[in-house]
Amino acid sequence: MTPADLARIHASAFRTQRPWSAAEFESLLSSPHVFVVAQGQCFALGRVVVDEVELLTIATAPTARRMGAARAALALFETEAKQRGALVAHLEVAADNTAALGLYRSAEYSKSGRRRGYYPRENTPAVDAIILHKALT
């Protein structure tokens, strides 16, 4: 997927926060530590540093939801991260994103923390970020 493809899917997937631009994706992907995996109209973007990987974002186009694409992309993300030497994965997710929380829990991610008021929302209070992790061994 090109940075423009990533930006298009990201913009369609995230309505409660500012989507990332093609230039932002291009900048991230210029790092040798950052990688992207895709499954249809879903992608996962990660960054491996030493033996840890952070899921920077995962996005599914609305027309591809509830078809297993995010589950497949998350599995590809974990496989690629392990191939790059990661032993543990970290991510954060908005506390009101019940679909993503369900996906991560079903993939055996565990809660390791919370950032209060992390995700700004228009006309409503900011939402907490739930921090999750998973051993990849």
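Below is a summary of the structure that appears in this document. Small disclaimer: the values here were computed from a predicted structure and weren't measured.

**Focus on the environment of aspartate 5**
Mapped onto the elements of the fold, aspartate 5 is located in helix α1 (residues 3–13). Separated by 20 residues in sequence, aspartate 5 and phenylalanine 25 place their C-alpha atoms 9.7 Å apart.

**Quick look at unusual backbone geometry**
Residues other than glycine seldom take positive phi values, yet glutamate 108 does so here, at roughly 70°. Relative to the elements of secondary structure, glutamate 108 occurs in the loop between α4 (98–106) and β5 (110–121). Taking relative accessible area as the criterion, glutamate 108 reaches 60% and is therefore assigned exposed. We note that asparagine 123 has phi near 65°; this positive angle belongs to a residue other than glycine. Take asparagine 123: it is sitting in the loop between β5 and β6 (124–135). For asparagine 123, a relative accessible area of 80% corresponds to the exposed category.

**Observations regarding the side chain of lysine 134**
You can see lysine 134 is positioned in strand β6. At a separation of 3.0 Å, a polar atom in the side chain of lysine 134 contacts the side chain of glutamate 78. Residue contacts for lysine 134: discarding those within four places in its chain leaves Glu78, Leu87, Val88, Ala89, Ala107, Glu108 and Tyr109.

**Section: the sheet that holds strand β4 (residues 88–94)**
Read from one edge to the other, the open sheet built from 6 strands follows the order β1-β2-β3-β4-β6-β5, with strand pairing classed as mixed. Here the strands that pair on one side only, and so sit at the sheet edges, are β1 (34–39) and β5. Pairs of neighbouring strands in the sheet enclose a mean axial angle of 25°, with direction left out of account. Relative to β6, β4 is paired through 7 bridges, and the arrangement is antiparallel. Its bridge partner being in β6, alanine 89 is matched across the sheet by lysine 134. Its contacts with the sheet put α1 on β1, β2 (42–49) and β3 (52–60), and the angle it makes with β3 is roughly 70°. Against the sheet, α4 makes contact with β3, β4 and β6, and its axis sits at roughly 160° relative to β4, the strand it touches most.

**What about the packing of helix α3 (residues 69–83) against α4?**
Where α3 contacts α4, the two axes come as close as 11 Å, and the packing angle between them is 50°. It follows that α3 is oblique to α4 by the angle criterion. Of the two possible hands of crossing, α3 and α4 adopt the one that is right-handed. In this structure, α3 contributes Ala70, Arg71 and Leu74 to the contact, and α4 contributes Leu103, Tyr104 and Ser106. Here the residues of the contact of α3 with α4 are counted per class, giving 4 nonpolar, 1 polar and 1 charged.

Here is what the cut-offs are and how they apply
Residues numbered from 1 in each chain as written. Predicted model: local features only at pLDDT ≥ 70, side-chain atom pairs only at ≥ 80, totals over all residues. Heavy atoms only, no water. Helix = DSSP H or I, 4+ residues; strand = E, 2+ residues; numbered from the N terminus. Buried < 20%, exposed > 50% of the residue type's maximum accessible area, 1.4 Å probe, protein only. Polar contact = N/O pair within 3.5 Å; in protein donor to acceptor, adjacent residues only side chain to side chain. Contact = heavy atoms within 4.5 Å. Pairing = 2+ DSSP bridges. Axes fitted to C-alpha atoms, helices over the stretch in contact; angles between N-to-C directions. Parallel < 35°, antiparallel > 145°, perpendicular 65-115°, else oblique. Left-handed = near helix turned anticlockwise from the far one by under 90°. Nonpolar A, V, L, I, M, F, W, Y, C, P; charged D, E, K, R; others polar.

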